[in-house]
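Listed below are the residues making up each chain.
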Amino acid sequence: LNDVEHLACDVLIIGAGGAGLRAAVEARLAGKSVIVISKSLFGKAHTVMAEGGAAAAMGNVNSKDSWQVHFRDTMRGGKFLNNYRMAELHAQEAPARIWELETYGALFDRTPDGKISQRNFGGHEYPRLAHVGDRTGLELIRTLQQKLVSLQQDDEAAGEGEEKLQVIDETTVTELFVEGGAVKGAFGYRRNTGRFMAIAAPSIVLATGGIGRSFKVTSNSWEYTGDGHALALRAGASLINMEFIQFHPTGMVWPPSVRGILVTESVRGDGGVLKNSEGKRFMFDYIPEVFKAQYADNPDEGDRWYTDPDTNRRPPELLPRDEVARAINSEVKAGRGSEHGGVYLDIASRRSAEYIRKKLPSMYHQFKELADVDITVEPMEVGPTCHYIMGGIEVDAETTVSKVEGLFAAGEVSGGMHGSNRLGGNSLSDLLVFGKRAGEYAAERASTVEPPKLTDAELTAAAADALRPFENDGENPFELQAAMQAINGRLVGIIRRSGELEEALEELEALRPRIEAVSATGGRAYNPGWHLALDLRNMLLCSIATAKAALERDESRGGHTREDAPGLDPQWRKTNLVAELDGESIALRRQPVPTMTPELLGLFETTELAKYMTPEEYQASSTEEG
Ligand code: FAD
């Protein structure tokens, strides 16, 4: 095909967020030729927006911290549905990945004695988030970009030019090519010209982030349309845990144009408290049974914890996100919400203006500029916003490979690591740990197979698919996206019910033919309508996978709350829901959650395990432990 730009490499990385860039560094260090493709501008990935920090048990602020405690917190946060091996590797390897970033040129905030400073965050027993003010993601991306450039300069010095490590931004991948159960390349288009591109590669790492744009109120930006999830499904890989979506408790609620933009959890980690319209600190009324031992039941103890965490329990504002989001939802529903339908987040009455401006500079500016609120003087109005998907591509914990040979996944697009709910700070560390692993194993595989070849027939079919919206005479893509967002927000949101989920599935299925017929007008050069028309089918697949799994799982756990099935069910704790593509439909099947090793089970008290597991499971563990 004349109109297609042809490229080839050993390791193709789709996505230039933290996971993609860390994978690129590793694959290049292993001597492979690497291409990184990004839908957005280079540097404008989701990772850059991360505010609070990266969780790693370095023990710099409290020496009692260790990987075992981090592992325990992660499993508790995910309500024990996590892939335990991923959670174990993550807790063990995160400190090394943070230190390594400093060798690449990152500079984290410091403790008075010069160590990397660590801040408190929900669900973490000790101060654990390495941070740079509230702009941690920016430092992470800046550092990884700088590392990539230095690797390119090394190549140039060695006479190899840029072709060993190329970054191609503003280019969207629309299709993966698979032959004999193994991936062999990808197809996409340059957003600014509309020109097609085909890249042959024996190893592909998906690092495309999340699905947040399927919801209207979201902290996610325009490119999070579930592309990687859908590309993986269509290539024959499986998704797990798609019912678990994290609604961050604190998004902005006013003015309407900024509704959903994130208000970092660091506000609470640094002393902010949640109040209802009656001025009550209501989180003390919402401490669930399973967390009672770890959280203060009165404001005095909660406040003392900030200076004396050894003899006091944490304030309940720092419960895992799912608990706080549900509590806010209940307060608003009970008529005790703020003027614009949220609750109040108050740090002004608790910390000095100087402290707030130093610790939370972005939040200070965000509220001043977007809402004309001075957070050093007044409380913020906040409410839940769609933030993160725990569900994603099912991968092998050690290698990050999916069910499809040569297809790897890391970062938010992968599933399992966070179980039913992710702890704040655990995504930046996740993408560093598993981004590195993905790069390493993708490079290893590229050494063992012949360079693949793409056929004209494959490229012609992919191009025809991509051009179909121009031939269609259907609806406007923006209207269809709004319709999908409305269904998800109304029927598959923070509180779910079986009848409503059935309704959601019917309505989403009814959207399918309309999305297939969606039309785009104008030319191929930068055409947002055409781009969205192609993204819509990905959003639809992800939305259906989520609604189907949410209907099937009749219990409440982490980022999945069923009003008609409240409470954790120990039988469901043993079950992952796996989504695969069967023709055009999503097929769901149940699959056992891997059983933790006795050593890891031994990190928990039997009384705690009894809250989550069937008697056979935790009794077996205590017998094995002796
Ligand atoms: P991303 O950084 O999301 O990058 C995805 C990349 O894939 C982008 O380059 C995108 O353009 C590209 N892409 C997508 N589709 C395609 C396609 N079809 N073709 C080509 N390229 C494609 N987590 C923490 O741990 N700590 C925090 O403090 C924190 N704060 C956050 C604050 C905000 C406001 C938000 C929104 C999230 C925050 N998170 C935080 C979550 C965390 O930032 C993300 O989960 C994480 O950055 C995801 O990284 P990633 O590398 O998986 O993907």
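For the structure itself, look to the data block above.
Keep in mind that this is a model prediction, so the values were computed, not measured.

Asker: Is there a simple way to explain the overall build of the chain in this structure?
Answerer: Secondary structure assignment for the chain yields 19 helices and 20 strands. In terms of C-alpha radius of gyration, the chain reaches 23 Å, essentially the compact-globule figure of 25 Å for 626 residues. Projected onto its principal axes, the C-alpha coordinates of the chain cover approximately 70 × 55 × 55 Å. Of all 626 residues assigned to the chain, the portion counted as buried reaches 63%. For the chain, the proportion of contacts with a sequence separation of at least 24, taken over those separated by at least 6, is 73%. About 22200 Å² of surface is accessible on the chain, with carbon and sulfur atoms providing 50% of the total. Positive and negative charge centroids in the chain, built from 68 and 92 side chains respectively, lie 2 Å apart.

Asker: Would you mind going over helix α4 (residues 136-157) with me for this structure?
Answerer: Think of an α-helix as turning once every 3.6 residues; residues three or four places apart then point the same way. Across its 22 residues, α4 extends 32 Å between first and last C-alpha, which sits within 8% of the 32 Å expected from 1.5 Å per residue. Positive backbone phi, approximately 80°, marks glycine 159, located one or two places after α4.

Asker: How do you make sense of the sheet that holds strand β20 (residues 585-592) when you look at a structure like this?
Answerer: Strand pairs in the sheet, formed through backbone hydrogen bonds, run parallel or antiparallel to each other. The four strands lie next to each other as β17-β12-β19-β20, forming an open sheet whose pairing is antiparallel. Whereas interior strands pair on both sides, the edge strands pair on one side only; in this sheet they are β17 (392-393) and β20. Bridge count between strand β19 (residues 575-582) and β20: eight bridges; the pairing is antiparallel. Within β20, the position partnered with asparagine 576 by the bridge is glutamine 591. Most of the contacts of helix α15 (residues 528-552) go to β20, to which it runs at about 45°, and overall it touches β19 and β20.

Asker: Would you mind showing me how to read the pattern of salt bridges here?
Answerer: Pairing between side chains of opposite charge can happen when their charged atoms approach one another. Per the stated rule, a full pass over the model turns up 62 salt bridges. Ionic contacts of the salt-bridge type, sharing partners, join the residues Asp65, Arg72, Asp73, Arg76, Glu125, Arg128 and Glu608 into one network.

Asker: Would you explain the pairing of strand β10 (residues 196-200) in this entry?
Answerer: Within a regular strand, side chains alternate between the sheet's two faces. A large share of β10 lies buried, amounting to five of its five residues. Side chains Phe196, Ala198 and Ala200 project from β10 onto one buried face, and the interleaved Met197 and Ile199 project onto a second face that is buried too. As paired strands, strand β9 (residues 182-190) and β10 are joined by five bridges and run antiparallel to one another. Counterpart to glycine 185 in the pairing with β10 is alanine 200.

Asker: Looking at this structure, I do not really get the site of the ligand. What am I missing?
Answerer: Within the structure, the ligand sits among 40 residues, and His46, Thr47, Gly52, Asp227 and Glu412 are positioned closest to it. Histidine 46 places a polar main-chain atom, nitrogen or oxygen, 3.2 Å from an oxygen atom of the ligand. Leucine 428 is positioned with one of its backbone polar atoms (N or O) 2.8 Å from an oxygen atom of the ligand. Surface burial for the ligand is 99%, taken as the share of its 1000 Å² of free accessible area covered by protein chains.

Asker: Please clarify how the nonpolar core should be interpreted in this entry.
Answerer: For soluble globular proteins, nonpolar side chains are generally found buried alongside one another. In this structure, Leu12, Ile98, Leu176, Ile204, Leu206, Ile393 and Leu407 are the most contacted members of the largest nonpolar core, which totals 109 residues. By residue number, the principal contributor to this core is α15, which donates 11 residues. Leaving out residues up to four positions away in the same chain, leucine 407 has contacts with Leu176, Val183, Ile204, Leu206, Ala232, Ala235, Thr400, Val401 and Ser402. Counting residues in each nonpolar core, the second largest holds 41 residues, with Phe80, Leu274, Leu319 and Met363 among its members.

What counts, and at which threshold
- The numbering scheme is per chain: residues are counted from 1 as the chain's sequence reads.
- In view of the model being predicted, local features appear only for residues whose pLDDT reaches at least 70, and side-chain atom pairs are presented and counted only at 80 or more, with totals across whole chains, interfaces and linings using the full set of residues.
- In computing side-chain properties, one takes all heavy atoms of the structure into account and sets aside hydrogens as well as water.
- By definition, any uninterrupted DSSP run of H or I lasting at least four residues is a helix, any uninterrupted run of E lasting at least two residues is a strand, and each is numbered from the N terminus.
- Each radius of gyration reported is based on C-alpha atoms, and the globular scaling rule is 2.2 Å times the count of residues to the power 0.38.
- Each residue gets one of three labels from its accessible area relative to the maximum for its type: buried under 20%, exposed over 50%, partly exposed in between, using a 1.4 Å probe on protein chains only.
- Residue contacts follow a heavy-atom distance rule, with two residues in contact if any of their heavy atoms lie within 4.5 Å.
- Under the convention used here, a 1.4 Å probe and the Shrake-Rupley method define accessible areas, while residue burial counts only the protein chains that appear.
- For this count, His and the chain ends are skipped, Lys and Arg are scored as positive, and Asp and Glu as negative.
- Charged groups are reduced to one reference atom each: NZ for lysine, CZ for arginine, CG for aspartic acid, CD for glutamic acid.
- Expected span of a helix: the number of residues minus one, times 1.5 Å.
- Only strands joined by at least two bridges in the DSSP assignment are considered to pair.
- Helix axes are fitted only over the stretch in contact, all axes being lines through C-alpha atoms; the angle between N-to-C directions runs from 0 to 180 degrees.
- One side-chain nitrogen of Lys or Arg within 4 Å of one carboxyl oxygen of Asp or Glu is enough to make a salt bridge.
- By convention in these notes, a residue is near a molecule or strand provided one of its non-hydrogen atoms lies within 4 Å of it.
- A 3.5 Å cut-off defines polar contacts: any pair of N or O atoms within that distance qualifies, except that in protein one atom must be a possible hydrogen donor and the other a possible acceptor, and neighbouring residues in sequence count only when both atoms are side-chain atoms.
- We call a set of buried Ala, Val, Leu, Ile, Met, Phe, Trp, Tyr and Cys residues a nonpolar core when their side-chain atoms join them within 4.5 Å.

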